[in-house]
Amino acid sequence: MLSIRKRLMLANIGMIIIPILFFFIVEIILGYVFFVILKGNSTGEELDIFITFRFIAMLLILILTNGLLTYYVSKSILTPIKKLSNAAQKISEGHLDFRIHSNQKDELGELINTFETMRIKIKEAKAAQLRYEQNRQELMASISHDLKTPLTSIKGYVIGIKDGVANTPEKLERYMDTIYKTANDMDKLIDELFLYSKLDLQKIPFHFENVDLYSFFVDFIDELAFRLEKEQGSATLVANRNDSYVVKADREKLKRAVTNIVQNSLKYFDKNKKEIKVFLSSCSDDVTVEIRDSGSGIKKEDIPYIFDRFFRTDTSRNSATGGSGLGLSIVKKIIEGHDGTVWADSESGKGTSIFFKLKKVK
């Protein structure tokens, strides 16, 4: 497909060359008809008729040539412009569910396809805005629910104290302990909301250093094993000590991510024996960490959503499996802040594995 500039140049050249060629052809044909076939005289009235016919033929040639070339060139320009105008009108009216496409290889064809790309991006931006608004509304609803529930509980216990329901020192102490625990849970929720929002807005700086994940998890597992011993549980580290597990990481934020994963596992244990195993595997470019528990597991349909904020596999939000619903969302933000990836695998009734991968220091 010729460009518009070339088409205009060829049309202008054609308006000169084509009539000249036809003039010669018409001159020959008319001359042959008049002076050979009809055996006309080259002087007098017959010559005047010949000149008149020649003039009319030349005029028709000029009109047809210029008309056809002008129509062809204008159509090749005006048709795509009309398509663009209609598309722009639809967009201005808020209609984005249409498609505009051109197979032309000229400037207008490129403009139409660029316009289509713009339409797709506007549609995606509008969809993203709608998702954002929906997420914002869900976020507000979740925050309202998670803050109102403990506040209602605190108000109930305070009213009970004021009304004299806690009429013994033991009952009063129990009421006060419950109020303190509930307020403490609210404080943790607000802290996690604050941390998540700052991570989401990328307003928390990461201080990277070389971290040996083997040594990191040796210390972490020692602390966790000591804690689980009281509950007849165990925590173990499985790794090949000869491999290198040094990565670039923010030690404090990485510990927060790992702690959130473990706390999430401990929260959903429904077995007498609590087991947590950490597996380290090293390859040339990165280190993969698997934190596996022997808990109740997660339904297959829930796995893609466990890293979404406020998502809970237990939709009842009861106090036993409560929490902010932000723990694994914070894990995802922290790991992605390390240019890493995080994912999960689980089998209902058998346990859950949370994986994350970090780039290795070479």
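Structure report, in brief. Since we're looking at a predicted model, the values are computed, not measured.

**Overview of the sheet that holds strand 7 (residues 351–359)**
Part 1 of the reasoning: The 5 strands lie next to each other as 2-4-5-7-6, forming an open sheet whose pairing is mixed. The open sheet has two edge strands with one neighbour each: strand 2 (234–238) and strand 6 (341–347). In this sheet, neighbouring strand axes are inclined to one another by 15 degrees on average, regardless of whether the strands run parallel or antiparallel.
Part 2 of the reasoning: Contacting strand 2, strand 4 (275–282), strand 5 (286–293) and strand 7, helix 5 (residues 213–229) runs over the sheet at an angle of about 165 degrees to strand 2.

**Some points on helix 4 (residues 169–200)**
Part 1 of the reasoning: With 32 residues, helix 4 should reach 46 Å at 1.5 Å per residue; the first-to-last C-alpha distance of 46 Å fits that figure.
Part 2 of the reasoning: Those residues of helix 4 that sit buried are Tyr175, Ile179, Thr182, Met186, Leu189, Glu192, Leu193, Leu195, Tyr196 and Leu199.
Part 3 of the reasoning: Phi turns positive, to about 55 degrees, at Gln202, one or two residues after helix 4.

**Let's talk about the environment of Glu107**
Part 1 of the reasoning: As for its position among the elements, Glu107 is in helix 3 (residues 107–162).
Part 2 of the reasoning: Judged by relative accessible area, which is 38%, Glu107 ranks as partly exposed.
Part 3 of the reasoning: Along the backbone, Glu107 and Arg5 are 102 residues apart, and their C-alpha atoms lie at a distance of 9.2 Å.

**Points about the packing of helix 4 against helix 7 (residues 327–337)**
Part 1 of the reasoning: Between helix 4 and helix 7, the least distance of the axes is 10 Å, while the angle of their chain directions is 30 degrees. With respect to each other, helix 4 and helix 7 are oriented roughly parallel. The way helix 4 lies across helix 7 gives a crossing that is left-handed. Residues Glu192, Leu195, Tyr196, Leu199 and Asp200 of helix 4 pack against Gly327, Ser329, Ile330, Lys333 and Ile334 of helix 7.
Part 2 of the reasoning: Split into classes, the residues belonging to the contact of helix 4 with helix 7 amount to 5 nonpolar, 2 polar and 3 charged.

About the cut-offs
- Residues numbered from 1 in each chain as written.
- Predicted model: local features only at pLDDT ≥ 70, side-chain atom pairs only at ≥ 80, totals over all residues.
- Heavy atoms only, no water.
- Pairing = 2+ DSSP bridges.
- Helix = DSSP H or I, 4+ residues; strand = E, 2+ residues; numbered from the N terminus.
- Axes fitted to C-alpha atoms, helices over the stretch in contact; angles between N-to-C directions.
- Contact = heavy atoms within 4.5 Å.
- Expected span 1.5 Å × (residues − 1).
- Buried < 20%, exposed > 50% of the residue type's maximum accessible area, 1.4 Å probe, protein only.
- Parallel < 35°, antiparallel > 145°, perpendicular 65-115°, else oblique.
- Left-handed = near helix turned anticlockwise from the far one by under 90°.
- Nonpolar A, V, L, I, M, F, W, Y, C, P; charged D, E, K, R; others polar.

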